[in-house]
Structure formats: C-alpha cells, structure tokens
Amino acid sequence: MNGHQSIFDIQRTMKFHLELTDKCNAACPMCGRTQEMARCLPDMTKVKNIELELDLIKRNFTPDLCSRISEIDLCGGLGDPAAARECFEICEYFIGFGIKIILSSNGGLRSETWWKRLGGLFEGTTSLVEFHIDGLEDTNHLYRVNTHFGKIMKNADAFLGSGGDAEWHFIPFQHNEHQISEALELSREMGFSTFRLIDTIRFGKENRFAYQLPDGRMQELNPADPELIRTFQTDADGTSPSDARGDSDTATAVRCKSEIQNRPYIVATGAVSACCWIEGSEDERRMYSKAGVDHSFAHNIRNRPLEEILLEEPYRTIYPQAWAENTNPVCIRKCAKMQRSSRRAL
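Residues numbered from 1 in each chain as written. Predicted model: local features only at pLDDT ≥ 70, side-chain atom pairs only at ≥ 80, totals over all residues. Heavy atoms only, no water.

Concerning the overall build of the protein chain
Alright, step 1. Across its full length, the protein chain carries 15 helices and 13 strands.
Alright, step 2. In terms of C-alpha radius of gyration, the protein chain reaches 20 Å, essentially the compact-globule figure of 20 Å for 346 residues.
Alright, step 3. For the protein chain, the C-alpha atoms occupy an extent of roughly 50 × 45 × 40 Å along the three principal directions.
Alright, step 4. Per-residue burial for the protein chain yields a buried fraction of 53% across its 346 residues.
Alright, step 5. About 15,300 Å² of surface is accessible on the protein chain, with carbon and sulfur atoms providing 48% of the total.
Alright, step 6. Positive and negative side-chain charges in the protein chain, numbering 41 and 50 respectively, have mean positions lying 3 Å apart. (Helix = DSSP H or I, 4+ residues; strand = E, 2+ residues; numbered from the N terminus. Rg over C-alpha atoms; globule rule 2.2 N^0.38 Å. Buried < 20%, exposed > 50% of the residue type's maximum accessible area, 1.4 Å probe, protein only. Areas by Shrake-Rupley, 256 points an atom, 1.4 Å probe, with all protein chains shown as cover. Lys, Arg positive; Asp, Glu negative; His and termini not counted. Charge placed at Lys NZ, Arg CZ, Asp CG, Glu CD.)

Focus on the nonpolar core
Alright, step 1. If you look at the biggest cluster of nonpolar residues, it comprises 86 residues, and the most contacted ones within it are Phe16, Phe61, Phe94, Trp115, Leu118 and Trp168.
Alright, step 2. Membership of the second largest hydrophobic core comes to 17 residues, among which are Met30, Leu142, Tyr143 and Val145. (Core = buried A, V, L, I, M, F, W, Y, C linked by side-chain atoms within 4.5 Å.)

Some details on the side chain of Asn222
Alright, step 1. Note that Asn222 resides in the loop between β10 (218-221) and α8 (226-230).
Alright, step 2. Here the side chain of Asn222 touches Glu220 through a polar contact of 3.0 Å, side chain to side chain.
Alright, step 3. Residue contacts for Asn222: discarding those within four places in its chain leaves Phe173, Gln174, Phe203, Asn207 and Arg208. (Polar contact = N/O pair within 3.5 Å; in protein donor to acceptor, adjacent residues only side chain to side chain. Contact = heavy atoms within 4.5 Å.)

The values reported here are purely geometric and, on their own, carry no functional implication.
As structure tokens, then:
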C-alpha cells in the first residue's frame, strides 16, 4: 500500500472508470442487466434508469483533481455511455483538461450527426471510442440483441469521418468466427485504428450459454474454435489470451489493478467502488460492513465529495488486510489468478 494510507493516492496521477448510466438500447444476453431466459428483458431489480449528470461531475471532478487525471474510461457495467443525456458535454468537460477519454459503446444509439460531432471533439486528442461489434449484418444482433448493424456502421463512419479515433472490438463466438477476417478487412477500409478480439470468460463451466430472444425463440451461444482463434496473430508483445490469463490457478497474492493504476470505479448511482469486478459483490458488502460505512449513502458522490471518500475506509486498511489474509474471493480471482477476459489486436 502507498504511503498515503489509502489504496488510492489523490496526489499522484489518477485514472477513473465511470459508468455514466445504466441505460442501454441493447439486450446482450451475457450482460448483468439482462434476463436472458425472459426474452432478454432488462432486470429492473438492477436497472434504475439513472445517470451521472454534468453538474454532479463538475462538482466532484474539480479543475484541481482533473489536473491530475490522465485517463477516464466511460464503460458501463450495465449501460452504454451514449445513452446518458449529457454524454457529449461530459466528454467535452474532461477533454478540456487534456484527459484521455475511452468511450465504450455498441454504436447503436444516437444519430450520425451526434457521432460526427463527437468525432470532431475527439479529433487531435488521444481520446477514442471502442465500438463493440460482434459480427456483420447477419450475426452482430445475435449477441448485441436489439441493435441494428446498418445504423451502427453509419454512426461509426460518421465518427471516423470527422476525425475521431476508434477501435473495433469483436467477441468471437461459434456463430461469427468465420467472419473475423472479413470484419477485420472492413474495419481497415472504414479507418478503424485497431481491431481487437475479445476472449470472454462468461460461458462458465458448461461452456455454453442459452437465452431467449425477444421474439420467444431459444438461442444458444457457443465459444469460437480455439484452434481457429490461435491462427490469428498475437499482440506486439507476443501475448495470447491464455498467456494474459496466466497459469497461476493456485496463486493467491493479490496485485490490485485499481491500486496499481490509481483507478477507482463510480457507478451510475454515484456510488464509489474499488473496481467494476467487486462492485455490488458480497466481498464489497463485507468490506463496507467492517468499515462501518453506509456504502450507498456515505460513499456516494451525490452526497459527499469524491476526494474525501477515496481516503476513507475500506480503502485505507480493510482492503489491504483482506488481500493479505486471502479473504476476498473476487480479488483473488481477478488480481491473483488473473481470471479476466483478454484482448488482442490483429
């Protein structure tokens, strides 16, 4: 732990992971917001249809704090940032301080005019959009349920055409694995700077995922052929998905990604968490119980200043103690055993 007695040090360069909203146009069956066996309807016990407003952002992300932030990842656990009413204005505010924005979207929301405007805002900066497009016209909607490939292509083209930098992120499944090369070529023709394969770990032990489409038909997701995926070149550093996960099935020494990167997570409700993996988990509830802190109220930027929250328990001693005692299963899985989805650029 650093000398400031918190896993987060607000005096050194910071990164943030923000969920601008839990709203989304898509109904991806593996997403936490989706009831996969109920026509992919949203789970309203989780979805609050809430968002972080520009005024709330400005109140907590002061010019002084922003001067120490290098990067902000706008990627929702439940929502798509483009669904937030003030998404553009929030990006504009942060970019005004020279902060790199990484906006993760399915690309199916908003108009071409909006994306063209966003591309103009991102032009000449290090900011970029990650378009999550898992196939082509006949396959993308099988996972990105309720999205329309034609609209996504028009939005992406408008963004790229106005000077924005973008990456195409593609989850290979059995139903779209034959389209990887074609999608890669299309991404290059359109001007995407990078094409990445995302190796998901959401299949679970059964290595399959059944779900019900909105029209009532049953569908099943299956992993792509690993031998086929291995034929594609690896990243420049030579890592492959299996390398990225590591072979440390018995490892327990936690090297917290959030502490190393100085990167807290804030959800659309305004609640602050150590990271997106532990947010909402039993591990997190136990940490806050030990701290004697009402997470939803006292550690919510709607109620208290962000910089105060980051210096309080459970971020001072309770998390490091749990890591030392190996009592946080989520932390062990993600930051010891490295059981994470991996990405590689083609």
